[in-house]
Structures are given as structure tokens and as C-alpha cells.
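Notes for the structure review
Chain residues, written in single-letter form:
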Amino acid sequence: KESGRSPEVKRVAVTNDVTLSPKVSEVSGLKASYISPESDATDVRNQKELNFNLEEARVVAEMNPQMLSLRELYMVALSYKNEFYQIIETSVKIYPAHPVANLNAAAAAIEQGNWQAAGEFLRMAPHETLAYKNCKGVYELMTGNLYEGIRLLKAAKAEGSEEAGMNLAAFFENNKRH
């Protein structure tokens, strides 16, 4: 299941019809998209044998996050406000080849303005999801590839991604000449 977070709106400067590559410090807040991981063997085992509630999973995440499934780590991440990104980063370290872990890490990197990391994580993310199209579209916009960024965001919007629609609206609003 895909879900969105709500950071503030980003701005890319356009001057005299020449697009300037945004500096990371100038780029903040287009909405990335996350996917809730499916149950896996670790998750099934943990539910059967340990059956963590959220508070217990939070404690385990701090002490020994390797015990948790990717789905459990994601649920813990969602329960935090300040530690959300840290748990997402921990998840991809524990599950470095998992496509959903990489997509969520790419989304977190995008929201933090780390375009290099986002690009690396997007390479291993599931390309067929709306969340990927939205994240990849934002990544392309913010790295200066406006054509591909707009194309991906419009495709994701047409398929029902609310985040992609908000990102397109924010991008064009913030880059209008006033």
C-alpha cells in the first residue's frame, strides 16, 4: 500500500527561460511516496513466535533492528515523527537488496535533499509502482531533467497518484513569473 508524507513545497528557479540546476539548500519539500512492505518470512515468523505490538517493536528497533521484518520496521518508522528517516535508513541497511526498502530510502533521501543517494536507491526500487514514478519524477526535476520529471509526474498523476498531482501543481506554481 502506498502512502504519502507532507513536507513543505520545493522551488526550482527559472530565469530568462533558462533552467538553473537547483542547489540542495534551495530545494525543500516536494512530496515523495512510500510503500508499505508486504509480509515476508521474517514477518510471518515474528507474528507467530514473538507477536510484537508497536511499543515492543519500537524497543527492539532501538536495541536490535535486525530482528524486525521490513514491514515491522516501516510500521515503527511511521510511528515516529523525528526518527522516521533514521528508521527508513536502518531498514535499507538491513535489507539492502529489497526493492521496497530501496524505494522508501529513495523517498526519504528526496525529502532530505540528498539527490545522489536518491538516485542510487531508485536504481534498485520497483519501477512499476506509482510511488516510484512519483519519486523518480521529483528526482528528475530536482536534478535538472525537467522533461523526464514532468513526464513521469504526469504519468503518475494520470494513474491516480495524489502526490504526483500536488508535485506538478507546486512545481508550476513556484516557477511562474510573477
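Check the entry above for the structure.
Residues numbered from 1 in each chain as written. Predicted model: local features only at pLDDT ≥ 70, side-chain atom pairs only at ≥ 80, totals over all residues. Heavy atoms only, no water.

1. A word on helix H9 (residues 162–174)
Taking 1.5 Å of rise per residue, 13 residues should cover 18 Å, and H9 covers 18 Å from first to last C-alpha, within 8% of that figure. Restricting attention to buried positions, one finds in H9 the residues Glu163, Ala164, Gly165, Asn167, Leu168, Ala170, Phe171 and Asn174. The N-capping residue of H9, defined by a side-chain oxygen 3.1 Å from the backbone nitrogen of Ala164, is Ser161. (Helix = DSSP H or I, 4+ residues; strand = E, 2+ residues; numbered from the N terminus. Expected span 1.5 Å × (residues − 1). Buried < 20%, exposed > 50% of the residue type's maximum accessible area, 1.4 Å probe, protein only. Polar contact = N/O pair within 3.5 Å; in protein donor to acceptor, adjacent residues only side chain to side chain.)

2. Points about the nonpolar core
If you look at soluble globular proteins, the nonpolar side chains tend to sit buried side by side. With 49 residues, the main nonpolar core has Leu103, Ile110 and Leu141 as its most contacted residues. At 9 residues, helix H5 (residues 99–111) tops the list of elements feeding residues into this core. (Core = buried A, V, L, I, M, F, W, Y, C linked by side-chain atoms within 4.5 Å.)

3. A closer look at the packing of H5 against helix H6 (residues 115–123)
Contact geometry for H5 and H6: axes closest at 8 Å, N-to-C directions at 165°. Here H5 is positioned roughly antiparallel relative to H6, judged by the angle of their axes. The handedness of the crossing between H5 and H6 is left-handed. Contact residues: Asn102, Leu103, Ala105, Ala106, Ala109 and Ile110 in H5; Trp115, Ala117, Ala118, Phe121 and Leu122 in H6. (Axes fitted to C-alpha atoms, helices over the stretch in contact; angles between N-to-C directions. Parallel < 35°, antiparallel > 145°, perpendicular 65-115°, else oblique. Left-handed = near helix turned anticlockwise from the far one by under 90°. Contact = heavy atoms within 4.5 Å.)

4. Some words on the packing of aromatic side chains
Scanning all chains against the criterion turns up 3 aromatic pairs. Aromatic pair Tyr34 and Phe84: ring centres 5.2 Å apart, planes at 85°, arrangement edge-to-face. Of this pair, Tyr34 sits in strand E4 (residues 33–35) while Phe84 sits in helix H4 (residues 84–94); the two residues are 50 residues apart in sequence, bridging distant segments of the chain. The same class applies to Tyr34 and to Phe84, which are both buried. Seen in terms of ring centroids, Phe84 and Tyr85 are 5.5 Å apart; in terms of plane orientation they differ by 75°. Their pairing is edge-to-face. (Phe/Tyr/Trp six-rings, centres within 6.5 Å; stacked < 30°, edge-to-face > 60°.)

5. Here we look at the pattern of salt bridges
Enumeration over the complete set of coordinates arrives at 7 salt bridges. Measuring nitrogen to oxygen at the nearest pair gives 2.6 Å for the salt bridge that ties Asp43 to Arg71. Here the residue Asp43 occupies a position in helix H1 (residues 41–49), and Arg71 occupies one in helix H3 (residues 70–79), the gap between them amounting to 28 residues. Residue classification places Asp43 among the buried positions, given a relative accessible area of 0%. A residue is classified by how much of its surface remains accessible, and Arg71, at 23% relative accessible area, is partly exposed. (Salt bridge = Lys/Arg side-chain N within 4 Å of Asp/Glu carboxyl O.)

6. Focus: the side chain of Glu140
Along the chain, Glu140 turns up in helix H7 (residues 130–142). We classify Glu140 as buried; its relative accessible area is 9%. Those residues within four positions of Glu140 in sequence are excluded, and the remaining contacts are Asn145, Leu146, Glu148, Gly149 and Leu152.

7. Looking at H7
Between its terminal C-alpha atoms H7 stretches 18 Å, which fits the 18 Å expected from 13 residues at 1.5 Å a residue. Most of H7 sits inside the fold, with 13 of its 13 residues counted as buried.

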